Amino acid sequence: MIRLAIIFIPFRETALALTGNDWLESHAGETTEFRRSTVESISVDRLWSLTRDPFHYGFHGNVKPAFKLARDVNVEQVIRRLGDFCSKQQSFVLPDLQLKYFNKRFCLTPRNRCEPLEELASKVIREFNDLCLPPSSGDLARWRAIGLTAKQEELLLYWGHPYVMDEFQFHMPLTGKVTDRKECLIVESELQKRFTKEMMAEVVFGRLSLFIEINHSPLDSDTLQ
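Below, the structure is looked at part by part. (Residues numbered from 1 in each chain as written. Predicted model: local features only at pLDDT ≥ 70, side-chain atom pairs only at ≥ 80, totals over all residues. Heavy atoms only, no water.)

### Things to note about the side chain of Q152
- Following the sequence through the fold, Q152 ends up in helix α6 (residues 150-159).
- Its relative accessible area of 9% is what places Q152 among the buried residues.
- For Q152, the side chain forms a polar contact with the side chain of E167, separated by 3.0 Å. (Helix = DSSP H or I, 4+ residues; strand = E, 2+ residues; numbered from the N terminus. Buried < 20%, exposed > 50% of the residue type's maximum accessible area, 1.4 Å probe, protein only. Polar contact = N/O pair within 3.5 Å; in protein donor to acceptor, adjacent residues only side chain to side chain.)

### Some remarks on the packing of aromatic side chains
- Under the defined criterion, the tally for this structure stands at 11 aromatic pairs.
- Relative to F205, the ring of F8 lies with its centre 4.3 Å away and its plane at 15°, an arrangement referred to as stacked. A residue pair is termed long-range when its members are at least 10 positions apart, and F8 in strand β1 (residues 3-8) and F205 in strand β7 (residues 204-205) qualify at 197 residues.
- Owing to a relative accessible area of 1%, F8 belongs among the buried residues under this scheme.
- Since its relative accessible area comes to 0%, F205 is described here as buried.
- Pairing F85 with F128 gives two aromatic rings, centres 5.8 Å apart and planes at 70°, and the pair type is edge-to-face. (Phe/Tyr/Trp six-rings, centres within 6.5 Å; stacked < 30°, edge-to-face > 60°.)

### Quick look at the environment of K182
- Following the sequence through the fold, K182 ends up in helix α7 (residues 181-194).
- For K182 and S41, which are 141 residues apart along the polypeptide, the C-alpha to C-alpha distance reads 10.0 Å.

### What to know about the sheet that holds strand β4 (residues 97-102)
- One open sheet accounts for three strands, arranged β4-β5-β6; its pairing is antiparallel. Two strands close off the open sheet at either side, each with one partner strand: β4 and β6 (172-173).
- Sheet analysis places β4 next to strand β5 (residues 105-110), joined by six bridges and oriented antiparallel. Pairing of Q98 across the sheet is with T109, part of β5. (Pairing = 2+ DSSP bridges.)

### A look at the environment of L4
- Positionally, L4 belongs in strand β1.
- Separated by 64 residues in sequence, L4 and K68 place their C-alpha atoms 6.5 Å apart.

Remember that the coordinates give geometry; whether it matters functionally is a separate question.
Now the structure itself:
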């Protein structure tokens, strides 16, 4: 069974997109897997293990996390729905991004709240909920095993995911878990050098992309008006 996700990827020609793609060596729309990034004091194999999770989708930020299609729904229906949805939205500029160590992972997040982004994410969840297969008992058990608040439990049961709506926190993953203190300092220093304040300022949120998990590449990409 395939899983889809609706995500944000910055426009390819921007410094942010180029830097994110170079760091992960995973480019949206390309299926070739290769690694060239190096970090002093961390082996290539170890760096791969630290970045393997975000490499899965490439440099992106989730708007609607991965979901399974409801019965009698096909990918083409989702593509059409996404195109119609995007044609009615407006692009906007994100608050300056910042490097953050979040949930033992490094990522980029907006420095300040972004109401247009929060509103868009909520719209996406509502608009596409009827196309999603409800979480299975196994899905529910896995989420509950990590520990959920009462609000997150409510969201999980209603929307199929605990970190949506009021619990939504937009972030662009750069690593998987990094728990060793020495590695944290090395990776943080490297990311600070690569992701400059200039490239993280005035990032345009101008499109949503639909990704399919089976080949880790976008099925379709639509530009917001």
